[in-house]
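# Analysis of the macromolecular model
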Amino acid sequence: MPTSSSSLPELKNRGAEVLAGEVTLTVALAGQPNVGKSTVFNLLTGLSQHVGNWPGKTVEQKTGVYRFNGTTIHLVDLPGTYSLTANSAEEVIARDYIIQQRPDVVVVLVNAASLERNLYLVAEIVPLPTKVVVGLNMVDVAAHEGMNIEPQVLEAALGVPVVPMVASKNRGVQQLIETVDQLARGEIPYQPSIPEIRADHRQVLDGIHRLVADCVPELYPSEWIALKLLEGDDEITTLMREQCLPADRWEQIHEILMAHEDAVLAIASGRYDWVGRMIRAAVTRPRAGQITFTERLDRWATHPLWGLLILATILGIVFWLTFAIGTPLQELLDIYVVGNLAAVATNWLAAAPAWLQSLVVDGAIAGAGTVITFLPILVIFFAVLALLEDMGYMARAAYVMDRFMHLMGLHGKSFLPLFLGFGCNVPAVMGSRIIDSRRARLLTILLAPLVPCAARMAVIVFIAPIFFGRAATFVAWGLIAVTLVVLATVGVLINKWILKGERAAFIMELPLYHRPNLRTIGIQVWQNSAEFLKKAGSLILVMSVVIWALSTLPQGDIHTSYLASVGKALAPLGALMGLDWEMMVALLSSVVAKENSIATLGILFGSAEGGGLEASLAGVLTPAAALAFLVVQMLFIPCIATVAAIRQETKSWGWTAFSVVLSLLLSLTGGILTYQLVTALG
Amino acid sequence: MMLEQLLRLIAQGGIHSYQDLAEQLSIPQPLLEAGLEDLARLGYLRSINDNCGNQCSACPIGHCSVTGPGRLWSLTEKGAQAAVRLSS
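As the structure is a prediction and not an experimental result, all values here were calculated from the model.

## Focus: the overall build of chain B
From N to C terminus, chain B includes five helices and three strands. Each helix and strand of chain B, placed in order from N terminus to C terminus, yields the pattern α-β-α-α-β-α-β-α. Taking as baseline every contact in chain B between residues at least 6 positions apart, the subset at least 24 positions apart corresponds to 59%.

In structure tokens:
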């Protein structure tokens, strides 16, 4: 295999050729996607473009000609790439072209407003055997964002020419070409600063370099090959192993690589340190008002103590708003919509068989109709959550909750999936996939159903005001607190005995606070509300009909129905919590979907007569029993969707059953203790 | 050595914000973000909430992105092992 090496003297000779007379230069345009490469290319080449494909690839190749000052410049537009690692066909094309075709100059266009990300590519190109000019594009955008970039300082730090420009306004493009021409003629000093790697890895790199130096393919710089091998670059590794190196030499290199599998970090770190130095030298970012506003707020919102108090206060306000606005609206819907609908249906079906009238009025309308009255409550939930999320607060809530969990000893990989469960338990179970240990993942799945989801909260919001009036906000708040204590207690045990104190790591982007976008919030509320209505019109409606059928058959009397038989079998258990058989059946039906318990109560107690469901419930339940019911509801068997997710994630019916039994035991124990304690305390 | 220090900081456990990490490493936040993306590309980190929406499709009133629009990362097994090696 022929060998080659490249060096700056070689490039200087090329400059001398250029000086000698009218010549042709080859200039490659490199850069990340969307930095304005095409704009520059089109400005320079106009109609003299040729569009084809890169040899053997489906990636588009654009070339063109530009004449300047007696020099013919062949421009080659390289594919947009973030780096020169062989991650994609574009990156392989770009680096192969620079190495094998050796353009006279490579112009690397960078986005001035995103210099930290763009300079990494420059860090990879400057060690290659070509001269580089940096086109500092979009300086107007950077200035608009408050960045102050000093191109001369950047040029001095990089050791390569830097040309500030705004390609979209054809500013600086001519200067770019002049600089390219001068650099090619050797009229501009060219001493690029090359990223370095740590001393210990430097020795390793030198060792590999010695082993490959006499075997590298033609045109490839041997040190670059050694670097790419140490980085674990698949393409170069395959090339060297299969086409260049003798087997014994490869074995030696392979051993070195195995002993330094994290060398890629040292190499990439060297480039990042290099980028950091350039940024520190040439860029200052005046602190924008929005940033300082966010920092000021975060001093409180992410504080270990005040952050928690703020979170608890926000939660309290959410419930207060829900009770103050949502509950009266829900009652109005119940009276005027469900009640009137039932009356209209009764009239329309006056001549129909009694069972059909009962099916429509006592089944579909009393069940699904009652659930639909939840809508104002849920709209408020959805709107407040969407508002907090859009403002950027929810990330802070997760951040302070982790610290709180840590204080209690419940920290670990299970935290994040559990936090997701506040919206819905299904993503909480699904989210356990981030946990690598099977045992820890399993236990997180078992904990997930204990997180109070939005549907359970809706049931609380419906029932609490009936029994607790103005104190409903505190009852709701307390129920969530109790549920979290149960969750934390089980979690602490798991952390202590199973995870053995292991603390998982998360990196979270805390977005800047900003004014909420009403359209975004509106869309989110609409989507969630539409999903809820779809569910009420399908699953809940079907279940309402099933519950109605079970409460009617076989003799048309609810007290001798199949449902009553099931409920009465559970009655002794219910008696320990002050709950009669109807309430036990309502709990049981919540397994289909949490809101279904209200639909079932609507069917069993009737929503259209005698003041509606609220009045009926107030007549049959004591506050102690209502509280016990809510405690059970919060901890009860998860809904079918969650159970299905548990089965899917555990791939075990045994563990799925265990989860159901665990929830059942915890909820019934909680309900019985609540009822007995509250009754004993009077 | 930015990426190695970053990995060691993350591996201490708990929840880190971009601001915390950038401050501890004395680097601008955009550089930290680029580093996180590179660590993910190299298999040391993984983004957790990229496909959040798909996971929630099974839930009728699911609201998965509780943490908001920001990105969220966790260490992979490879990242955790590398952090142990780097810390030793």
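## Details of the overall build of chain A
Of the regular secondary structure elements, chain A holds 30 helices and 10 strands. Within chain A, the proportion of its 682 residues that are buried is 49%. Long-range contacts, defined as pairs at least 24 residues apart, comprise 74% of the intrachain contacts of chain A with a sequence gap of at least 6.

## Some points on the nonpolar core
Among the nonpolar cores identified, the biggest contains 227 residues, and Val107 and Val108 of chain A are the most heavily contacted of them. The element contributing the most residues to this core is helix α12 (residues 263–282) of chain A, with 12 residues.

## Notes on the sheet that holds strand β4 (residues 71–77) of chain A
Residue and element names in this part refer to chain A. Taken in spatial order, the seven strands make up an open sheet running β2-β3-β4-β1-β5-β6-β8, and their pairing is mixed. Of all the strands in the sheet, just β2 (49–53) and β8 (162–164) have a single pairing partner and so form its edges. Between one strand axis and the next, the sheet turns through 25° on average, direction left out of account. Bridge analysis of strand β5 (residues 105–111) against strand β6 (residues 131–137) gives seven bridges, and the strand direction is parallel. Within the sheet, the bridge partner assigned to Leu109 lies in β6 and is Gly135. Of the strands in this sheet, β1 (24–31), β2, β3 (60–68), β4, β5 and β6 touch helix α2 (residues 37–45), which is tilted by about 45° from β3. Against the sheet, helix α7 (residues 173–184) makes contact with β1, β3, β4, β5, β6 and β8, and its axis sits at roughly 165° relative to β6, the strand it touches most.

## Some points on the sheet that holds strand β3 (residues 72–75) of chain B
Picture the strands of a sheet paired through backbone hydrogen bonds; they go either parallel or antiparallel. Read from one edge of the open sheet, four strands run β1(B)-β10(A)-β3(B)-β2(B), paired in mixed fashion. Edge positions in the sheet fall to β1 (14–17) and β2 (45–47) of chain B, since each has one partner strand and no second. Geometrically, the sheet is characterised by an average inter-axis angle of 25° between neighbouring strands, direction not taken into account. Note that β2 of chain B and β3 of chain B share three bridges and pair antiparallel. Bridge pairing in β3 of chain B links Arg46 of chain B to Ser74 of chain B.

## Notes on unusual backbone geometry
Residues and elements named next belong to chain A. Even without being glycine, Arg102 reaches a positive phi, approximately 45°. Its 18 C-beta neighbours within 10 Å are what place Arg102 among the partly exposed residues. One non-glycine residue, Lys651, lies in the positive phi region at around 55°. Judged by C-beta crowding, with 8 C-beta atoms within 10 Å, Lys651 ranks as exposed.

## Focus on the environment of Ala505 of chain A
Along the chain, Ala505 of chain A turns up in strand β10 (residues 505–508). Among all residues touching Ala505 of chain A, those that are not within four sequence positions of it are Ile10, Ala11, Gly13, Gly14, His16, Ser74 and Leu75 of chain B.

## Remarks on the pairing of β3 of chain B
In β3 of chain B, alternate side chains face the same way, and those of Leu72 and Ser74 of chain B on one face and Trp73 and Leu75 of chain B on the other are all buried. As defined by bridge partners, β10 of chain A adjoins β3 of chain B across three bridges and the pair is classed as antiparallel. Bridging from a neighbouring strand, Phe506 of chain A pairs with Ser74 of chain B of β3 of chain B.

## Points about the packing of helix α21 (residues 454–468) of chain A against helix α28 (residues 623–635) of chain A
Residues and elements named next belong to chain A. Interaxial distance between α21 and α28 falls to 10 Å at its minimum, and their mutual angle equals 175°. Looking at the two axes, α21 sits roughly antiparallel to α28. Counted together, Arg456, Val459, Ile460, Ile463, Ala464, Phe467 and Phe468 of α21 and Pro623, Ala626, Leu630, Gln633 and Met634 of α28 form the full contact between these two elements. Among the residues making up the contact of α21 with α28, the classes are represented as 10 nonpolar, one polar and one charged.

## Here's the deal with the packing of helix α16 (residues 375–391) of chain A against helix α23 (residues 518–552) of chain A
All names here are of chain A. The N-to-C vectors of α16 and α23 enclose an angle of 145°; their axes lie 9 Å apart at closest approach. Note on packing geometry: the crossing formed by α16 with α23 is right-handed. Contacts between α16 and α23 involve Leu375, Leu378, Val379, Phe382, Ala383, Ala386, Leu387 and Asp390 from the former and Thr520, Ile521, Gln524, Val525, Asn528, Ser529 and Phe532 from the latter. Tallied by class, residues from the contact of α16 with α23 come to 10 nonpolar, four polar and one charged.

## A word on the confidence of the model for chain A
In this model, chain A carries a mean pLDDT of 84, and residues with pLDDT of at least 70 account for 89%. Below pLDDT 50 for its whole length, residues 1–12 of chain A participates in 15 contacts with residues either more than four positions away or in separate chains.

## Remarks on the pairing of β5 of chain A
Residue and element names in this part refer to chain A. Most of β5 sits inside the fold, with six of its seven residues counted as buried. Where β1 meets β5, five bridges bridge the pair, whose relative direction is parallel. Pairing of Val27 across the sheet is with Val105, part of β5. The parallel pair β5 and β6, bridged by helix α4 (residues 115–125), forms a crossover whose chirality is right-handed.

## Notes on helix α3 (residues 29–41) of chain B
The periodicity of an α-helix, 3.6 residues per turn, causes residues three or four positions apart to be oriented the same way. Taking 1.5 Å per residue as the helical rise, α3 of chain B with its 13 residues ought to reach 18 Å, and the 18 Å between its terminal C-alpha atoms agrees with that figure. Buried within α3 of chain B we find Leu31, Leu32, Ala34, Gly35, Leu36, Asp38 and Leu39 of chain B.

Thresholds applied
Residues numbered from 1 in each chain as written. Chains lettered and ligands numbered in written order. Predicted model: local features only at pLDDT ≥ 70, side-chain atom pairs only at ≥ 80, totals over all residues. Helix = DSSP H or I, 4+ residues; strand = E, 2+ residues; numbered from the N terminus. Contact = placed C-beta atoms within 7 Å. Buried ≥ 20, exposed ≤ 12 C-beta atoms within 10 Å, placed from the backbone. Core = buried A, V, L, I, M, F, W, Y, C linked by C-beta atoms within 7 Å. Pairing = 2+ DSSP bridges. Axes fitted to C-alpha atoms, helices over the stretch in contact; angles between N-to-C directions. Parallel < 35°, antiparallel > 145°, perpendicular 65-115°, else oblique. Nonpolar A, V, L, I, M, F, W, Y, C, P; charged D, E, K, R; others polar. Left-handed = near helix turned anticlockwise from the far one by under 90°. pLDDT = per-residue confidence, 0-100. Right-handed = clockwise from strand over helix to strand, strands pointing away. Expected span 1.5 Å × (residues − 1).

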